[in-house]
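Now for the letters of each chain:
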Amino acid sequence: RWALACTARSALTRGALPLGSWDLPRRQSSGSSKGRPEPRGSRASDDMDLSHLVSIGLFPATRAPLNSADQEYFQKHALEKVLADIVAELAKSKPADPYKFIMDKIAPMSKGAAVAAASAPAAKPAAPAAKPAAPAAAPKAAAAPKAAAAATTAAPNGEGAAELEAKVTEQGDKVRSLKAAKAAKEEIDAAVATLKQLKADLEAQGKTEKGGGAAGASEGKKEKSGGGGGGKPAKKEETALAKNPAKGGGLDIKKAEDVPGWYEQVIMKAELIEQYPVKGCFILRPWSYRIWELIQGWFDKEIKSMGVENCYFPMFIPKCYMDKESDHLSDFAPELAMVTKFGDTELEEPVAIRPTSETAMYAAYSNWVQSHRDLPIKLNQWCSVVRWEVKQTTPFLRTREFLWQEGHTAFADKPSAENEVLEILELYAGVYEKLLAIPVVRGTKTKAETFPGADYTTTVEAYIPATGRAIQGATSHHLGQNFSKMFEISFQDPNDPSGKKREFAQQNSWGITQRTIGVMTMVHGDDKGLVLPPAIACFQVVVVPVGLSAKATQEEKEKVRTTCMSYYMKLSSAGIRTKLDDKDQSPGWKFNYWEMKGIPLRIELGPKDIDKGEFVMAKRNVLDKDLGKVVGKDATLAQDVQRVLDDIQKEMYDGALATRDANLASVDTWKDFSPNLNQGKMLLVPFCGMKDCEEMIKDKSKEEAADVEVAGGLKMGAKSLCVPHEDKFNVNCPAKCINPDCPNGKKVERRTLFGRSY
């Protein structure tokens with residue numbers, strides 16, 4: 001075995017095994033993993049994990065000699081000789097396509113021996129199958145991580161994961177309620193301590209120690225299960241995963257059948273993310289980071305036109321700041337990451353890694369503001385924050401570290417501050433509606449959902465049709481004078497003739513995160529992969545040469561090549577983000593690859609098209625191959641392409657809007673509340689706005705959902721999403737709260753949007 005490792009290392013040194021982005025598809029487990037692929041680096045004892053096989057057998061240069069676990073693994077599957085043969089033959093032949101070469105060699109194992117190994121008893125090693133199977137189809141695509149199986153081990157107090165998660169949610173709501181009610185500090189501290197212990201129990205149980213693999217066992221099981229989520233009966237799940245992957249290494253899980261499993265595969269195979277060894281953290285690959293850059297570029301330009309400047313504050317928050325803002329930070333206390341030592345030396349005073357930057361920024365504001373002439377201050381920073389989630393994490397939607405922008409402004413008067421709140425909210429709506437082609441509801445949060453320390457919170461709320469749940473898109477908070485009084489951000493009142501009176505600044509804070517990418521994926525993605533709106537597509541167009549058979553003359557090939565290059569240059573000059581795919585692969589391979597990546601428009605150009613002065617455009621947002629084809633003219637290339645891109649952007653938004661509106665119901669009486677909620681709808685209802693009443697609605701709707709939720713899923717109640725600003729959402733609002741047991745008797749003036757939410 002050591003000789004095998006040396007052989008591979010020697011081959012790597014000679015350059016016979018180029019270290020490229022080879023990544024072998026992994027066989028799906030047929031055991032207890034519920035049919036989903038395992039995360040990279042994990043290995044079930046009865047699984048033939050081909051990526052592990054290759055990473056150890058072919059790429060040992062970065063590893064120590066094979067350890068006992070590796071040796072046992074190879075011995076169990078009788079693979080020593082097979083691997084040695086592959087290494088020797090690969091080093092000898094130096095194939096042009098090493099990926100295909102390896103796939104051809106291991107295909108018999110993946111279809112034969114691997115299955116036998118997975119099903120055989122541990123004591124009996126599986127022999128390689130004699131009958132080879134067809135090589136796996138290109139293009140290569142990273143395998144999706146296997147969703148963590150639901151934990152069955154009892155928690156320290158004997159409770160199961162679902163019960164603990166429910167208690168964590170309930171206790172979190174209680175902490176927020178106590179703070180909003182300005183309860184005694186001792187009572188709040190006790191509630192926070194209980195919340196910390198519940199979260200520790202949940203983590204200790206092991207439910208979240210599976211690597212946080214995408215959406216599979218995260219909110220998918222907990223919050224997405226209202227019709228298509230992670231709590232499907234095992235038989236149905238196995239059936240969905242048993243199907244062969246689509247041509248080109250496509251998805252083998254249907255969105256309509258298993259949303260969490262589908263989401264896992266899409267974000268991996270479309271090359272948005274890669275797994276990372278720290279639980280709850282994920283690598284953003286160039287494809288997803290480019291989307292974030294396009295969102296960032298648009299928003300940054302808009303806020304700069306409002307006079308906002310970018311800056312950067314340290315990520316470490318000292319204890320003196322934490323003490324000053326203890327009431328605010330206590331809301332983040334269970335998720336606060338602390339640095340306690342460097343090297344082997346303990347820090348005299350631990351520092352926190354920012355969960356948000358109010359504490360870091362407002363002490364400086366206090367130094368900068370002496371006169372009303374020093375205001376307004378309008379600062380924004382693009383950065384990452386850390387919130388040490390103990391719940392199962394989901395890429396883009398809930399992670400321990402995430403990218404965002406946070407704006408922090410201070411004004412001398414309240415009207416100016418409140419005007420900015422709505423200006424920023426409209427920009428956030430623009431990110432979703434103009435860039436991501438996702439309609440949102442603009443509104444104000446209820447008291448129960450208001451940001452700690454804010455006078456009020458405004459929000460944009462989106463809708464995920466596949467799960468029937470809402471999701472908060474971005475928030476803009478009016479902080480009033482709460483933080484300025486805490487940090488002494490004050491100035492001499494210009495209206496006071498004595499010159500002694502000091503006035504406190506009016507403040508706002510606002511932020512949007514990388515969650516935008518996850519929402520876009522969930523709303524627009526389909527069974528072929530990502531579907532990117534042109535406004536934020538990394539490439540808006542891909543040009544693919546077609547119609548060149550093996551009999552094509554060199555002259556025909558050259559004509560197609562030069563014309564494709566001409567198209568690329570013309571489109572790029574017109575400001576259209578264009579990719580020319582002239583790689584040595586078949587057109588079908590390229591079609592599947594770019595469909596998975598979600599490029600909005602594909603141009604197919606062959607000899608016959610060139611002779612006719614035409615080209616064919618295929619729209620990614622239309623699944624029907626015939627209906628999605630549009631013919632363009634060479635003479636009006638840029639205009640035709642731009643027109644179709646504009647059509648795609650509009651079609652995607654209009655489709656999402658129609659679906660959202662079809663799942664938006666106005667409900668006046670309680671008897672219609674749960675039936676509509678359980679159909680995956682958002683509800684516009686008359687609501688008094690009081691916290692105690694909202695808790696009753698949440699509990700009552702949760703209880704009435706018990707018989708309709710998917711088995712094994714968390715039975716969530718409805719929560720308030722916002723009080724919509726637009727009058728079209730407030731038609732014929734009854735004066736009485738929808739809760740028949742409402743304890744407040746307050747007259748209702750506007751409808752409130754309720755629903756299940758991430």
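Structure: see above.
Computed from a predicted structure; not experimentally measured.

Caption draft 1: Representation of the overall build of the chain within the structure. Scanning the chain for helices and strands turns up 23 helices and 23 strands. For the chain, buried positions account for 55% of its 758 residues. Long-range contacts, defined here as pairs at least 24 residues apart, represent 72% of the contacts in the chain between residues at least 6 apart. By element, 53% of the accessible surface of the chain is carried by carbon and sulfur atoms, the whole surface being about 32,400 Å².

Caption draft 2: Main features of the sheet that holds strand β14 (residues 506–513). Strand order in the open sheet formed by 11 strands is β3-β7-β8-β14-β11-β10-β9-β22-β23-β21-β20, with mixed pairing between adjacent strands. Every other strand in the sheet has two partners, leaving β3 (309–310) and β20 (664–666) as the edge strands with one partner each. Pairing geometry for strand β11 (residues 469–480) and β14, over 5 bridges, is antiparallel. Within β14, the position partnered with His 478 by the bridge is Asn 508.

Caption draft 3: Representation of the packing of aromatic side chains. Scanning the model with the defined rule gives 18 aromatic pairs in all. On the basis of an interplanar angle of 50° and a centroid distance of 6.0 Å, the ring pair of Trp 287 and Phe 539 is categorised as tilted. Separated by 252 residues along the polypeptide, Trp 287 in helix α11 (residues 286–305) and Phe 539 in the loop between α17 (515–524) and β15 (541–545) bring together distant segments of the chain. Here Trp 287 falls in the buried class, since its relative accessible area comes to 8%. With a centroid separation of 6.4 Å and an interplanar angle of 65°, the aromatic rings of Phe 299 and Trp 510 are classed as edge-to-face. Of this pair, Phe 299 sits in helix α11 while Trp 510 sits in strand β14, and the two are 211 residues apart along the sequence. Looking at Lys 597, its charged tip hangs above the ring of Trp 287, at a distance of 4.1 Å from the centre.

Caption draft 4: View of the nonpolar core. Core analysis: the largest hydrophobic core is formed by 64 residues, its most contacted members being Leu 272, Ile 291, Val 519, Met 520 and Ile 536. With 8 residues, helix α15 (residues 414–435) is the largest single contributor of residues to this core. The next biggest cluster of nonpolar side chains, apart from the first, holds 21 residues, and it includes Val 541, Ile 603, Phe 615 and Ile 648.

Caption draft 5: Quick look at the pairing of strand β18 (residues 614–619). In terms of residue burial, β18 counts as a mostly covered element, since 6 of its 6 residues are buried. Burial along β18 is two-sided: the residues Glu 614, Val 616 and Ala 618 and Phe 615, Met 617 and Lys 619 are all buried. Pairing analysis gives 4 bridges linking strand β17 (residues 601–605) to β18, with the strands arranged antiparallel. Its bridge partner being in β18, Leu 601 is matched across the sheet by Lys 619. Looking at chain direction, β18 and strand β19 (residues 629–633) are connected through 5 bridges and run antiparallel. Paired with Glu 614 across the strands is Lys 633, a residue of β19.

How each quantity is defined
- Residues numbered from 1 in each chain as written.
- Predicted model: local features only at pLDDT ≥ 70, side-chain atom pairs only at ≥ 80, totals over all residues.
- Heavy atoms only, no water.
- Helix = DSSP H or I, 4+ residues; strand = E, 2+ residues; numbered from the N terminus.
- Buried < 20%, exposed > 50% of the residue type's maximum accessible area, 1.4 Å probe, protein only.
- Contact = heavy atoms within 4.5 Å.
- Areas by Shrake-Rupley, 256 points an atom, 1.4 Å probe, with all protein chains shown as cover.
- Pairing = 2+ DSSP bridges.
- Phe/Tyr/Trp six-rings, centres within 6.5 Å; stacked < 30°, edge-to-face > 60°.
- Lys NZ or Arg CZ within 6 Å of the ring centre and 35° of its normal.
- Core = buried A, V, L, I, M, F, W, Y, C linked by side-chain atoms within 4.5 Å.

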